[in-house]
Amino acid sequence: MATEAERTAGAEGRERAERAARAARTEAAGCGAWPAVLPLLTRPAREPGRAGAKAANLARAAAAGLPVLPGFVLTDPALAPGAPAGPDALRAAWQDLSEGGRRPLIVRSSSAYEDAADSSMAGWYETVPDVRGWDDFAAAVRRVVDSAARGLVGPAAAAREAPLRAGAPGRMAVLVQPMLRAAAGGVMFGADPVAGRHDRLLVSAVDGGPGTLVDGTAQGVRYQLTRRGRRVTVDPAEPPGTGLLGRGRLARLASLARRAERVFGGPQDVEFGFDADGRLWLLQSRPITAMPPRPPRTARLLGPGPVAETFPAVLQPLEEDLWVAPMSHGLTVALDIAGTAPRRHLRALPVVTTVDGRAAADLRLLGAVKSAHPVRDFVNPLRGARLLGAAWRVGRLRTALPVLALDLMAEVDEQLAGLPAPAAMVGGRLLDAAGWGRTVLSALHAQESLAGALPGAGAGATAAGEALAVLAEVVRPDGRHPGHDDAELIARHPVLLALLPPALGAAPALPASTRWSGVPRGVGALPVREGLRLRIRWVQEMQSRVVAELAERLAAAGVLEEAARVALLRWPELVAVADGRGLPRDFAERLPRPERLGLPVAFRLAGGRPVAEPRDPVGAGPAAGGGQGAGGGSGAGVAWDGAGERPERAVLVVPVLDPGLAPQLAGLAGLVAETGSALSHLAVLAREFGVPTAVGVPGAVERFPPGTALAVDGATGAVTTTGGEARTGGDAAQGDSREAAA
């Protein structure tokens, strides 16, 4: 029989063993080195460096009055001086929040690298739901802490992971809250990151909590809302009165999105849940990491528009200075004379610019979009006076401009004819020729733009049509005329340059074949505007050749590593290099601009990046609208994107009116473009071929994929989908007549 001393020693031993086991469990849970407890409503919990970003965001939201569940954060005691620390503090916090183990908890990660503005790391670390009892709680904390050591990918990620493993201030914190039994829950974006719209909210919801939605096991119902919570779209569609989220819940979610945006200074990615009593709870809030940048309200509206027809490809820096800058100056002069834009705007903003090497124009200055304040513009006396003065000037130009244009074209022809071959020029003469080209291009662009504003500008032959007629005569069914390559053909027939865009370096190839398109009538038979366009192209080609010769000489002298790199210089830099002042210091690091996808039809710049202008969704059915009619009558056929085999009755649907498409016009049932104007090069040529043409059709490429049966009205610009077999031209008209007679 044990003595009293032995019984006492045994009890003390069991108590010591129990304390050691409890400490061991706490240590095994990862809490032994940092069991500091920060209640979620305390100020230190709002600091990501102490509590991790997830917990800090919820603490900020709770302090601002947003509906956040209570809880606490476990963190390193060195980061929370004065906070309760140690196993006893941890057990007390668990006891209070779980109501002695009767209330289930959720244990979540809260790393400093989660829920950040540039990286959400969504789903990367561990979350343990429905935790009951002290032992399960300790194990859940251990699982969350251990998830910090998951191997990331790449050296940058490894550098971010290092402090987590080393126990530095970035080590994992743990967020503990009551487990919400949600009747409905989901995810809400305070903006639409897909369409880039800040005036729309996206909500995905499921029955129960958001867990099945965020882990991908459930699809849920997707709502698009206005900022005030009005439903715009629902997918999949819900019968009236049976929706997962009714009008009241959607309005409360929209209010929560607006409040969270005010608290955090930007639209948020929010997890939410409605409990059984209908109360809304904010479970998580973080910035939308994939949201496109938001342009400032004063950002101007840009688009490729008609300039993409002249410059369809990416331009290098020297090409911009040689060709885009003169175009912008010339259009500025023309707009000033025509009075279509205030002079202060023309002085402050270039009409044409480049974005990632692609040419774009100011759509408002060009009059391609309607004014945002038409009534104010109508009653503005300054605008009326400006237009009245412009009308007087343009009226005088009706008789004077053709004579001025003929004089300018004659001067250009004389100068070009008087230039010797580039190989026979001295270096200074090469630079003079390129510089003269920049000056005369400005005048040519100004007069060409003014000529387009005069009556009858869209009538008559085109330079591209004349070039196609010439090409049809010099190309045989088995290939080109023997003994002549592209350069020789262009030397014999300079009008062929109308089929090619300007470029430094290797010139694009002429079309290999084309259908007969009429008899050539000579350059002298072209209307004034087309004559000016052709001279622009001739001057650009002269500049390309003299710059190429100068580059070859600089490469031979060892100044340039290779001649093709001359395109990476700006015009003042080329002048300095030719004068012997050397290359720019950073020239060795410069790389050619790569080919990129085309620019949006209309966009604004945010941080130098194009952000597409939001457009209201347009259906693709028969009621879908078109754009601006560019003539050619009406017809019907099958949509074709220009790639692959051409359908028998093809309606060519393209993003921009690229002059390189000219050889495709013969026999088309229609032409539809997202940008461009009725006076553009290709639209004018399409009228010559009798091709029904609609330009400025929003989203045409996406709305009308290849194979879609379309009808195109060149008078109104309407583009509609049709049922049954597609028809064209007279067949369509006769069919309609027969149907009407029946």
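Coordinates for the structure precede this section.
Parameters and conventions
Residues numbered from 1 in each chain as written. Predicted model: local features only at pLDDT ≥ 70, side-chain atom pairs only at ≥ 80, totals over all residues. Heavy atoms only, no water. Pairing = 2+ DSSP bridges. Helix = DSSP H or I, 4+ residues; strand = E, 2+ residues; numbered from the N terminus. Contact = heavy atoms within 4.5 Å. Axes fitted to C-alpha atoms, helices over the stretch in contact; angles between N-to-C directions. Expected span 1.5 Å × (residues − 1). Buried < 20%, exposed > 50% of the residue type's maximum accessible area, 1.4 Å probe, protein only. Core = buried A, V, L, I, M, F, W, Y, C linked by side-chain atoms within 4.5 Å. Salt bridge = Lys/Arg side-chain N within 4 Å of Asp/Glu carboxyl O.

Draft legend 1. Examining the sheet that holds strand β21 (residues 650–654) more closely. With respect to topology, seven strands assemble into an open sheet ordered β19-β23-β22-β21-β20-β24-β25, the strand pairing being mixed. Edge positions in the open sheet fall to β19 (628–629) and β25 (719–721), since each of these has one partner strand only. By the bridge criterion, two bridges tie β19 to strand β23 (residues 693–695) in an arrangement that is antiparallel. Among the inter-strand pairings, Gln628 is bridged to a residue of β23, identified as Val695.

Draft legend 2. Broad picture of the side chain of Gln316. Looking at where Gln316 falls in the secondary structure, it is placed in the loop between α9 (307–310) and α10 (317–338). When sequence neighbours within four positions are dropped, the list of residues in contact with Gln316 reads Ala567, Leu568, Pro592 and Arg593.

Draft legend 3. A look at the sheet that holds strand β5 (residues 173–178). In spatial order, the strands read β1-β2-β5-β3-β4; together these five strands make up an open sheet with antiparallel pairing. The two strands at the open ends of the sheet, each matched to only one other strand, are β1 (36–39) and β4 (127–131). Direction aside, neighbouring strands of the sheet carry axes that sit 20 degrees apart on average. For strand β2 (residues 72–75) and β5, the ladder comprises three bridges, and the chain directions are antiparallel. Of the residues in β5, the one forming a bridge with Phe72 is Val176.

Draft legend 4. Focus on the environment of Leu331. Tracing the backbone through its elements, the reader meets Leu331 in helix α10. In this structure the C-alpha to C-alpha distance between Leu331 and Val352, which are 21 residues apart in sequence, comes to 8.2 Å. In this structure, Leu331 is in contact with Val351, Val352, His445 and Ser449, ignoring residues within four places of it in sequence.

Draft legend 5. Seen up close, helix α8 (residues 247–264). With 18 residues, α8 ought to run about 26 Å at 1.5 Å a step, and its terminal C-alpha atoms sit 26 Å apart, in line with that. Turning to α8, its buried residues number three or more, namely Leu250, Leu253, Ala254, Leu256, Ala257, Arg258, Ala260, Glu261 and Phe264. Gly265 lies just past α8 and shows a positive phi near 80 degrees.

Draft legend 6. Layout of the nonpolar core. Counting residues in each nonpolar core, the largest one holds 93 residues, and the members touching the most others are Leu444, Leu574 and Leu671. With 11 residues, helix α17 (residues 528–556) is the single largest residue contributor to this core. Of all hydrophobic cores here, the second largest spans 39 residues; its members include Ala36, Leu175, Met188 and Leu256.

Draft legend 7. Layout of the pattern of salt bridges. The tally for this structure, following the rule as stated, stands at 24 salt bridges. Between Glu448 and Arg533 there is a salt bridge; the shortest N-O distance is 3.0 Å. Here Glu448 is found in helix α14 (residues 427–453), whereas its partner Arg533 is found in helix α17, with 85 residues between them in sequence. Accessibility expressed as a relative area gives 9% for Glu448, which makes it buried. On the accessibility criterion, Arg533 (9% relative accessible area) is buried. One salt bridge connects Glu549 with Arg553, and the closest N-O pair in it is separated by 3.0 Å. One end of the pair is Glu549 and the other is Arg553, both in helix α17 and four residues apart, which spans about a single turn. Of the residues examined, Arg553 reaches a relative accessible area of 27% and is grouped as partly exposed. Taken together, the shared-partner salt bridges connect Glu320, Asp321, Arg570 and Arg593 into one network.

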